[in-house]
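Next come the chains, spelled out residue by residue.
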Amino acid sequence: VGRDKVVSATDAIADVNPGIQVIQHCVRLNGQNAMDLVSGYDIVVDGSDNFPTKYLINDACVLSNKPNIQGGILHFLGRVTVFMPGKGCYRCLYPNPPPAGLVPTCDEVGVLGVVPGVIGLIQATEVIKLILGVGDTLSGRMLYYDALSLKFKEAKLQRNPACALCGDHPTITQPIEYELVCPLRPGQAACTVPATSPDRQAPSIKS
């Protein structure tokens with residue numbers, strides 16, 4: 001309370017392992033700084049809680065040729081995937097951000113506190129695998145988690161050749177200020193998983 005999240009997170013990490021170097025960026029991600037921030041790292045982990053940021057991170061990763069380990073949560077549900085360069089992106093699955101007010105906010109539907117912990121640990125696992133070059137990552141797969149039934153499901157993902165960002169003839173060549181096209185109400189964050197259960201038919205990226 002009363003401190004920036006990056007400062008609080010740095011202190012928490014130092015308590016666990018003081019040997020870890022944390023580079024703080026006390027700025028809000030936007031269309032002007034996204035490329036500079038993303039291009040400075042080998043792997044990007046997206047733990048954002050709103051669509052403007054998610055699309056911005058996705059676009060910057062594709063344009064910077066960086067892996068994007070993306071997660072999303074909604075009350076009892078979660079999902080994780082790894083978008084590797086040249087193998088599809090978030091826009092292949094959801095070409096455009098939803099209109100403001102269409103998707104329920106986390107304030108409205110809530111989030112079970114342990115769900116982001118589960119999704120975050122899976123994202124961290126994918127980071128370690130990419131660094132070490134071992135195992136099979138979630139590239140080309142979307143992993144769905146339902147805390148109520150304690151079940152995991154998968155959907156296969158493929159790059160969409162017609163994608164406006166990573167397709168054969170891209171029309172998006174620079175980051176867009178997505179808060180201008182997908183605004184949030186003040187103080188509210190849109191949940192980042194479609195409001196459908198993983199037990200229903202999972203969406204897939206089709207070529």
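Residues numbered from 1 in each chain as written. Predicted model: local features only at pLDDT ≥ 70, side-chain atom pairs only at ≥ 80, totals over all residues. Heavy atoms only, no water.

Some words on the side chain of Asn58
Filter applied, for reference: Numbering goes from the N terminus for both helices and strands, where a helix is a DSSP run of H or I of at least four residues and a strand is a run of E of at least two. The buried label goes to any residue with under 20% of its type's maximum accessible area, the exposed label to any with over 50%, and the partly exposed label to all in between, with areas taken from a 1.4 Å probe on protein chains only.
Here Asn58 is to be found in helix H3 (residues 51–64). In this structure Asn58 comes out as buried when scored by relative accessible area, which is 1%.

What about the nonpolar core?
One recurring pattern in soluble globular proteins: nonpolar side chains tend to sit buried together. Heads up, the condition is: The definition of a nonpolar core used throughout is a set of buried Ala, Val, Leu, Ile, Met, Phe, Trp, Tyr and Cys residues joined through side-chain atoms within 4.5 Å. Two residues form a contact once any of their heavy atoms are found within 4.5 Å.
Of all hydrophobic cores here, the largest spans 12 residues; its members are Ile69, Ile73, Val80, Val82, Val115, Ile119, Ile122, Val127, Leu138, Leu143, Tyr145 and Ala147. For this core, the elements supplying multiple residues, two or more each, are strand E2 (68–74), strand E3 (77–83), helix H6 (114–132) and strand E4 (141–146). Counting residues per element, this core draws most heavily on H6, which supplies 4 residues. Sequence-distant contacts of Val127, that is, excluding residues within four places in its chain, are made with Ile43, Val45 and Ile69. Counting residues in hydrophobic clusters, the runner-up holds 10 residues, among them Tyr55, Leu93, Tyr94 and Tyr144.

Observations concerning the sheet that holds strand E5 (residues 151–156)
Strands pair in a sheet through their backbones, by hydrogen bonds, and they do so in one of two ways: parallel or antiparallel. To keep things clear, this is the line we draw: Strand pairing is defined by DSSP finding a minimum of two bridges between the two strands. Where helices are involved, their axes are fitted lines through C-alpha atoms of the stretch in contact, as for all axes, and angles between N-to-C directions lie from 0 to 180°.
Read from one edge of the open sheet, 5 strands run E1-E2-E3-E4-E5, paired in mixed fashion. Each edge of the open sheet is held by one strand with a lone partner, namely strand E1 (44–46) and E5. Neighbour-to-neighbour, the strand axes of this sheet turn through a mean angle of 15°, independent of strand direction. Relative to E5, E4 is paired through 6 bridges, and the arrangement is antiparallel. Bridging across to E5, Tyr144 finds its partner in Lys153.

Focus on unusual backbone geometry
The residue His75 is not glycine, and still its phi comes out positive at about 35°. Relative to the helices and strands, His75 is located in the loop between E2 and E3. Judged by its relative accessible area of 26%, His75 falls in the partly exposed class. Notably, Leu150 is not glycine yet its phi reads approximately 50°, a positive angle. Secondary-structure assignment places Leu150 in the loop between E4 and E5.

Structural notes on the confidence of the model for the protein chain
Put simply, the rule is: As a per-residue quantity, pLDDT reports the predictor's confidence and falls between 0 and 100.
Per-residue pLDDT for the protein chain has a mean of 86; in total, 83% of the residues score no lower than 70. Here residues 181–191 is a poorly scored stretch, pLDDT under 50, and it has 34 contacts once near neighbours within four places are set aside; other chains count. Note that pLDDT drops below 50 for residues 194–207; the model gives that stretch 39 contacts with residues more than four away or on any other chain.

Examining the pairing of E4
Counting buried positions over the 6 residues of E4 gives 5, a clear majority of the element. Taken together, E4 and the strand that follows it, E5, pair antiparallel across an intervening segment of 4 residues, in which Leu150 is found at a positive phi of about 50°.

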